[in-house]
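Chains, contacts and geometry: an overview
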Amino acid sequence: MGIQQADAEIARIEREELTPPQDEVAEVMATRSRLENELGLHARIEELEDVRAQLVSEEAQPGGQPSRGIPPATLTGFDRTIERTLDAWRVRREEEVTYDQYTAELYVGDRSRSGHGKGMRAVLHAAFTTALADYCLEQGRSHPGFIVLDSPLVAFREPGVGEADLRQSVPQHFYRHLLSAFRGQAIVVENTDPPRTSSIRGRSTCSAARPTASVSDSSL
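Each value, and the rule that gives it
- Residues numbered from 1 in each chain as written.
- Predicted model: local features only at pLDDT ≥ 70, side-chain atom pairs only at ≥ 80, totals over all residues.
- Heavy atoms only, no water.
- Buried < 20%, exposed > 50% of the residue type's maximum accessible area, 1.4 Å probe, protein only.
- Helix = DSSP H or I, 4+ residues; strand = E, 2+ residues; numbered from the N terminus.
- Pairing = 2+ DSSP bridges.
- pLDDT = per-residue confidence, 0-100.
- Contact = heavy atoms within 4.5 Å.
- Axes fitted to C-alpha atoms, helices over the stretch in contact; angles between N-to-C directions.

1. Regarding the pairing of strand 1 (residues 97-100)
- Residues Val97 and Tyr99 line the buried face of strand 1, whereas the alternating positions Thr98 and Asp100 sit on a face that is not buried.
- Bridge count for strand 1 against strand 2 (residues 105-108) is four bridges, and the pairing is antiparallel. Residue Val97 lies in a different strand from strand 2, and its bridge partner there is Val108.
- Between the end of strand 1 and the start of strand 2, which pair antiparallel, lie four residues, with Ala104 showing a positive phi angle near 55°.

2. A few points about the confidence of the model for the protein chain
- Taken as a whole, the protein chain shows an average pLDDT of 79; of its residues, 73% reach a score of 70 or greater.
- Under a pLDDT of 50 for its full length, residues 162-167 has, in the predicted model, six contacts with residues more than four places off or in other chains.

3. With respect to the sheet that holds strand 2
- Pairing in this open sheet of three strands is antiparallel, and the strands run 1-2-3 from one edge to the other. Edge positions in the sheet fall to strand 1 and strand 3 (111-112), since each has one partner strand and no second.
- Each of strand 1 and strand 2 touches helix 3 (residues 72-88); the most contacted strand, strand 1, lies at about 135° to it.

Okay, structure coming up:
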């Protein structure tokens, strides 16, 4: 065998037997990519299973609702306290008030607080805060004993009630209730002065910015 023949044979072996065809290289790379992707998916599944196991161990139920929530009797009592608060303020309502502990939303009938106008949303927020404090204090549950209400009435307008009548209705009964029936102390920050009547004996501080009324029972 001559030198040229030896060189040709070496080139043939390298070309045909040692160097894999291009289609085989592409297939190998595709298989490798698929395996890496599947390994990543399995790792993600294991991670999610660990998270789920931890949630189950913390007594959480599938669907996002905790297995241990506020007892129904407690919720019902709190709902009735909110209703009594709104009624004491002479806020007109025709349906029951309910609090959804899973969405943290307050409902009047089928309508959520967020579905009302700005004024009614503020009043419902103030009623929720006041009723929560009142219920906790009545039931001997933990509460600091005071609340701060920021602009609860400034945007509130009842349908069909004139401005003059409004000043004599909801605000009057709002402050009267906080003074005479509320078990804690209420600090109200408003853009308007509280009604000036003999029955409202709370302390009010007026400034160029916003008046503040501190309403509390004389026994506190």
